[in-house]
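One-letter residues, chain by chain:
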Amino acid sequence: MSKGRLIGVVGPSGVGKDSLMEALVARRPDLHRVRRVITRPETAGGEVFEGITPALFAARAAGGDFALHWTAHGLSYGVPARVRDGLGTGRDALVNLSRGVLGKAARQFEPFHVLHVTARPEVLAARLNARGRETPQDIARRLA
């Protein structure tokens, strides 16, 4: 059996990565959508993720629980190591990644593909504002 492909979906916050991933999984139920681990309360909305404390995240990272992990915008993000299990059965997997870990992902996963999603700055600003999770100053910094 061939190995499944890990498909890293990247793009700026608010571009619609999660919406695109939902649509892809709806069209192709054989795709696995990786549930990330984030140091943010699960009630924050957006994607479905496992929310944990920074201390627990650090312990899990030290214990090898993540295939990939990184920090961005004051939060820690992790891709559970068990993603390899599904890939080993030949099932493709989609995961929301940071551009900063693409090199590491490419070294760890074969085959690895990147889906880069973009949008005009005014669309991003409107979407980020509608979330209500960031101040206008934070949004301006993200867009810069």
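Our subject in this report is the structure included herewith.

### A few points about the pattern of salt bridges
Here's step 1: Scanning the entire structure with this criterion turns up 10 salt bridges.
Here's step 2: Close ionic contact of glutamate 47 with arginine 36 constitutes a salt bridge, the shortest N to O distance being 2.3 Å. Pair noted here: glutamate 47 is in the loop between β3 (37-38) and β4 (50-51) and arginine 36 is in the loop between β2 (32-33) and β3, with a separation of 11 residues, a long-range link. Of the two residues examined, glutamate 47 and arginine 36, each falls in the buried class.
Here's step 3: Between arginine 60 and aspartate 65 there is a salt bridge whose closest N-O contact spans 3.3 Å.
Here's step 4: In this structure arginine 60 comes out as buried when scored by relative accessible area, which is 14%.
Here's step 5: On the accessibility criterion, aspartate 65 (35% relative accessible area) is partly exposed.
Here's step 6: When salt bridges that share partners are traced, they join Arg5, Arg28, Asp30 and Asp92 into one network.

### As for the packing of helix α5 (residues 121-131) against helix α6 (residues 136-143)
Here's step 1: Where α5 contacts α6, the axes come no closer than 10 Å and their chain directions differ by 145°. In terms of crossing hand, the pair formed by α5 and α6 is right-handed. Contacts between α5 and α6 involve Pro121, Leu124, Ala125, Leu128 and Asn129 on the former and, on the latter, Ile139, Arg142 and Leu143.
Here's step 2: Class assignment for the residues of the contact of α5 with α6 results in 6 nonpolar, 1 polar and 1 charged.

Procedures and definitions
Residues numbered from 1 in each chain as written. Predicted model: local features only at pLDDT ≥ 70, side-chain atom pairs only at ≥ 80, totals over all residues. Heavy atoms only, no water. Salt bridge = Lys/Arg side-chain N within 4 Å of Asp/Glu carboxyl O. Helix = DSSP H or I, 4+ residues; strand = E, 2+ residues; numbered from the N terminus. Buried < 20%, exposed > 50% of the residue type's maximum accessible area, 1.4 Å probe, protein only. Axes fitted to C-alpha atoms, helices over the stretch in contact; angles between N-to-C directions. Left-handed = near helix turned anticlockwise from the far one by under 90°. Contact = heavy atoms within 4.5 Å. Nonpolar A, V, L, I, M, F, W, Y, C, P; charged D, E, K, R; others polar.

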